[in-house]
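# Breakdown of the fold
Below are the chains, spelled out letter by letter.
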There are 2 protein chains.
Amino acid sequence: MDSNQSDRRRFLKQASATVAVGAAGFVAGAQLPAKAQQAESQPAGTDEHVHRVPPRRGARYSLDHMTHYTPLQDYAGIITPAPLHFMQQHSSEYPEIDPKEHRLTIHGLVDRPLVFSMDDLKRLPSVSRIHFVECHGNSSPAIHASRDPKMGLPVQFIHGMASTSEWAGVPLSVLLNEAGLKKNGTWLVLEGADAGKFSHTLPVGKALDDCFVAYGQNGEPLRVEQGFPIRLLVPGWEGPFNVKYLRHIKVVDEPYNTWNESMNHSVSRPDLGGKARWYHFQWAAKSVITRPSAGMEMRKGYVQITGLAWSGAGKVSKVEVSTDGGKNWREARLDGPVVPKAHTRFNYDWEWNGQEAMIQSRCIDETGDVQPSMAELAEHWGYTMADWQKPEKPRAIHMNAIQPWKINRDGSISDAMFA
Amino acid sequence: MDSNQSDRRRFLKQASATVAVGAAGFVAGAQLPAKAQQAESQPAGTDEHVHRVPPRRGARYSLDHMTHYTPLQDYAGIITPAPLHFMQQHSSEYPEIDPKEHRLTIHGLVDRPLVFSMDDLKRLPSVSRIHFVECHGNSSPAIHASRDPKMGLPVQFIHGMASTSEWAGVPLSVLLNEAGLKKNGTWLVLEGADAGKFSHTLPVGKALDDCFVAYGQNGEPLRVEQGFPIRLLVPGWEGPFNVKYLRHIKVVDEPYNTWNESMNHSVSRPDLGGKARWYHFQWAAKSVITRPSAGMEMRKGYVQITGLAWSGAGKVSKVEVSTDGGKNWREARLDGPVVPKAHTRFNYDWEWNGQEAMIQSRCIDETGDVQPSMAELAEHWGYTMADWQKPEKPRAIHMNAIQPWKINRDGSISDAMFA
């Protein structure tokens with residue numbers, strides 16, 4: 001029995017001899033999904049330019065008008081409903097893109113520059129993967145600056161720029177191999193079709209590994225705030241790599257410092273004479289207890305501690321929970337499927353006795369990486385904890401510190417990160 | 001390091017000594033999810049009785065007004081968006097249930113009859129699982145009776161009463177153990193709060209294994225057509241077990257024949273003198289090519305064959321595809337996570353040469369079960385293929401036959417099940 005388990009490169013070698021893009025086999029009606037079958041709600045535009053309403057911005061969904069936070073405290077499981085996926089918008093308006101007119105161009109150091117229509121992309125081999133996407137600024141020490149002097153912010157606004165969806169699209173390796181990478185083509189510059197032309201750099205090694213150009217999210221077309229009609233998915237790497245409204249891919253021979261990378265996304269290292277650590281790539285082991293958490297109230301007796309754990313390196317292998325401020329740690333139950341580079345739900349049974357307590361979780365991923373405390377992370381970045389509590393606190397992104405929640409004797413719960 | 005990986009029974013032994021239902025630790029704000037965080041769209045009612053609009057019934061979504069079919073041909077991946085989940089309604093209207101007033105009662109052969117409010121249920125340990133739900137009448141030979149004499153029905157209306165979601169809720173074992181099963185309590189009778197009081201029987205062995213009372217679907221509350229505020233999830237078993245609007249669970253000492261089971265869901269066996277095979281439980285290995293499929297059009301060249309495979313027995317271990325009417329079979333690629341008792345996406349690269357062809361898939365699950373042809377299935381049920389093509393064709397449910405699609409030389413595709 002012959003296997004069809006060919007890797008993508010072998011597939012492309014076979015196909016490229018006989019199939020040119022645009023002449024590939026075509027299945028009418030294979031567009032995903034047709035208007036009549038779209039999830040009712042506010043999905044992204046269809047060919048008819050309907051449903052362009054952005055998600056509602058409830059008081060608890062947004063701190064400002066261009067960032068939406070996932071209400072981690074409110075849902076069970078790992079799938080974030082598409083309209084509740086976090087959103088960080090870099091241009092002041094959502095672009096109005098007609099998918100019939102949208103083109104993805106691959107040029108630069110390639111044998112054959114190519115232009116793909118949406119129809120072209122949907123005819124090619126597809127993948128679907130459950131992955132988290134997380135803003136590199138999520139969980140920043142800056143956000144712990146509380147608007148509620150007692151409780152701190154709810155978990156949604158500290159850690160809610162991380163969400164998990166099932167994304168579907170075409171592997172970037174398929175597209176790059178169709179174009180044919182030249183030997184010195186080692187980096188990509190990705191550019192979106194939004195007004196600000198949001199751009200980012202990506203090494204070819206990662207591009208060929210597991211990245212894909214996504215046109216579907218949780219069984220629907222992408223929503224407009226998620227990059228309709230296409231965005232890049234760079235599994236496990238920080239948010240800005242996942243360029244929305246993807247329009248141009250230029251293959252180059254060295255890393256470029258795009259505007260956002262150099263101006264917005266660099267972090268200086270005082271211990272290295274102010275040099276910046278240039279790129280931040282893969283998210284490390286991370287977790288957070290989503291319930292109980294700051295702003296909620298406890299009653300004595302049984303309580304299920306629940307939360308999410310994830311790692312950009314692969315699968316979560318273990319989550320440990322401490323209810324005594326980090327002295328003792330016990331293993332939590334991992335619930336549901338444990339998917340690489342995706343949120344993993346954990347649960348822990350506890351009995352609250354009414355006394356003051358400090359609860360926290362830590363993630364250990366399949367590479368053995370252990371989620372650090374904020375103090376350990378500060379040291380790693382060349383700061384002290386005190387630095388991050390100063391009014392002129394330094395920029396801090398790519399934070400994966402353990403989040404402690406303090407349970408007070410009156411049943412209130414507060415953010416104890418800097419308590 | 002102590003593990004919190006206690007099984008549920010041990011958890012309950014610990015907890016039952018100190019925690020009575022209703023006195024369990026309580027986390028205010030832990031309701032899932034609050035109104036402001038609900039997915040925009042038409043989720044099921046909240047406490048305020050809003051959002052009670054049933055899903056739109058597009059021309060391609062429904063054949064009649066009380067059944068909705070998932071548009072399998074239109075989506076990638078495995079997650080069915082909640083509003084596109086298939087729906088088979090047994091009462092003529094959706095019940096209007098106030099979740100604050102809704103109660104789940106467990107009575108009969110138990111030590112302590114219990115009544116659970118929604119708050120009670122949400123305080124207890126939770127699980128989240130990705131599972132398919134499939135109507136026992138899905139893929140019935142009757143439906144192949146074509147409304148389009150050339151093509152047959154689209155895959156949506158033949159096989160679209162099967163969908164996959166991430167469901168979240170409380171294990172039925174937790175509830176039953178709180179109530180305390182008496183020794184002779186071996187079966188359950190489940191009853192819904194819809195007008196018709198839809199009821200079904202379930203053996204206790206399965207109930208304690210992996211069933212749960214679900215209040216969430218894909219990160220949202222259940223939608224009204226999916227059983228808001230709660231439904232039972234009976235993973236891998238046929239649809240009617242998954243009782244919606246769940247209200248009463250009576251523990252009994254023998255299987256009951258509820259009205260639907262005896263009148264609607266029994267299948268006579270002509271080869272056994274007309275006796276009925278009483279219960280149908282677990283779905284067997286099954287798969288279907290969703291694209292290309294009946295009603296679509298082909299063009300020569302590369303085409304990705306894609307589809308879904310699943311089994312009520314556990315994981316899909318292999319999917320094979322034939323493009324020559326079943327003479328040769330080759331292994332397809334399984335895409336994304338392979339989750340037990342859930343849809344699994346498969347892909348297969350093919351080159352259509354413009355000649356007549358017959359494409360089909362077959363699933364092999366982890367128990368070794370191989371999806372049968374319709375002829376094999378007919379024999380199993382004591383019929384001949386011819387019986388199922390007669391106008392007075394017998395009732396046929398629990399169908400998992402291989403679905404052949406015929407590709408004609410003009411590029412059209414037709415249902416070849418009875419061709």
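Rules behind the numbers
Residues numbered from 1 in each chain as written. Chains lettered and ligands numbered in written order. Predicted model: local features only at pLDDT ≥ 70, side-chain atom pairs only at ≥ 80, totals over all residues. Helix = DSSP H or I, 4+ residues; strand = E, 2+ residues; numbered from the N terminus. Buried ≥ 20, exposed ≤ 12 C-beta atoms within 10 Å, placed from the backbone. Contact = placed C-beta atoms within 7 Å. Pairing = 2+ DSSP bridges. Domains from an automatic or database assignment. Nonpolar A, V, L, I, M, F, W, Y, C, P; charged D, E, K, R; others polar. Axes fitted to C-alpha atoms, helices over the stretch in contact; angles between N-to-C directions. pLDDT = per-residue confidence, 0-100. Core = buried A, V, L, I, M, F, W, Y, C linked by C-beta atoms within 7 Å.

Check the secondary structure of chain A and you find seven helices and 23 strands. Here chain A holds 419 residues, and the buried ones make up 54% of them. A sequence separation of at least 24 residues applies to 73% of the contacts in chain A between residues at least 6 apart.

Another point: the pairing of strand S9 (residues 212–217) of chain A. Side chains on a regular strand alternate between the two faces of the sheet. All names here are of chain A. Most of S9 sits inside the fold, with six of its six residues counted as buried. Of the strand pairs in this sheet, strand S6 (residues 162–171) and S9 are connected by five bridges, and their pairing is antiparallel. Of the residues in S9, the one forming a bridge with glycine 169 is alanine 214. Strand direction decides the pairing type here: S9 and strand S11 (residues 231–233), joined by three bridges, are antiparallel. The residue bridging valine 213 from the neighbouring strand is leucine 232, located in S11. Pairing between S9 and strand S10 (residues 220–221): two bridges, direction antiparallel. Within the sheet, the bridge partner assigned to glutamine 217 lies in S10 and is glutamate 220. Count of turn residues in the S9/S10 antiparallel hairpin: two residues, of which asparagine 218 carries a positive phi of about 50 degrees.

All names here are of chain B. Counting buried positions along helix H4 (residues 172–179) gives seven out of eight residues, so the element sits mostly inside the fold. Within the span of H4, buried status applies to Leu172, Ser173, Val174, Leu175, Leu176, Glu178 and Ala179. Looking one or two residues past H4, glycine 180 carries a phi angle of roughly 80 degrees, positive in sign.

Here we take up the sheet that holds strand S22 (residues 405–407) of chain A. Residues and elements named next belong to chain A. Taken in spatial order, the five strands make up an open sheet running S18-S17-S21-S22-S23, and their pairing is antiparallel. At either margin of the open sheet sits one strand with a lone partner, and together these are strand S18 (330–331) and strand S23 (413–415). With three bridges connecting them, S22 and S23 associate as antiparallel partners. Paired with tryptophan 405 across the strands is aspartate 415, a residue of S23.

By a widespread convention, an interface's size corresponds to the accessible area lost as its parts come together. All names here are of chain A. Domain annotation for chain A reports domain 1 (57–143 + 163–259) and domain 2 (286–415). Contacts between the two partners involve 18 residues from domain 1 and, on the opposite side, 20 residues from domain 2. Considering every element that reaches the side of domain 1 that touches domain 2, the biggest residue donor is strand S5 (residues 127–134), with three residues. Classifying every residue of the side of domain 1 that touches domain 2 by side-chain character gives eight nonpolar, nine polar and one charged.

This paragraph deals with the sheet that holds strand S12 (residues 246–252) of chain B. Residues and elements named next belong to chain B. Strand order in this open sheet of five strands is S4-S3-S12-S7-S8, and the pairing throughout is mixed. Only two strands of the sheet have a single neighbouring strand rather than two, namely strand S4 (114–117) and strand S8 (199–203). Neighbour to neighbour, the strand axes of the sheet diverge by 20 degrees on average, direction disregarded.

This part takes up the confidence of the model for chain A. Residues and elements named next belong to chain A. Per-residue confidence for chain A gives a mean pLDDT of 83; residues scoring 70 or more make up 82%. Across residues 1–60, confidence stays below pLDDT 50; counting only partners more than four residues off in sequence or on other chains, it has 149 contacts. Here the prediction assigns the complex a pTM of 0.86, and the interface score ipTM is 0.83.

Take the nonpolar core next. Counting residues in each nonpolar core, the largest one holds 90 residues, and the members touching the most others are Ala309 and Val319 of chain A together with Ala309 of chain B. Discounting chain neighbours no more than four positions away, the residues touching alanine 309 of chain B are Lys286, Ser287, Val316, Val319, Thr344, Phe346 and Cys363 of chain B.

The omega torsion across arginine 291 of chain A and proline 292 of chain A is 0 degrees, close enough to zero to call that bond cis. Tracing the backbone through its elements, the reader meets proline 292 of chain A in the loop between strand S15 (286–291) and strand S16 (301–310). Of note in the backbone geometry, serine 139 of chain A takes a positive phi value of approximately 60 degrees without being a glycine. With respect to the element layout, serine 139 of chain A can be found in the loop between S5 and helix H3 (155–159). Residues other than glycine seldom take positive phi values, yet lysine 197 of chain B does so here, at roughly 50 degrees. With respect to the helices and strands, lysine 197 of chain B occurs in the loop between strand S7 (187–192) and S8.

Residue and element names in this part refer to chain B. Judged from the four bridges that link them, strand S3 (residues 103–108) and S4 form a sheet pairing that is antiparallel. The residue of S4 that forms the bridge with isoleucine 106 is leucine 114. From the end of S3 to the start of S4, which pair antiparallel, there are five residues. Two strands pair when backbone bridges link them, and S3 and S12 are joined in this way by four bridges, in the parallel orientation. Bridged to isoleucine 106 within S12 is isoleucine 249.

All names here are of chain A. Along the chain, the position of isoleucine 413 falls in strand S23. Residue classification places isoleucine 413 among the buried residues on the basis of 28 C-beta atoms within 10 Å. It is 9.8 Å that separates the C-alpha atoms of isoleucine 413 and glutamate 356, two residues lying 57 residues apart in sequence. Beyond its immediate stretch of four places on either side in the chain, isoleucine 413 contacts Met151, Pro292, Ser293, Ala294, Gly295, Met296, Met298, Trp405, Lys406 and Ile407.

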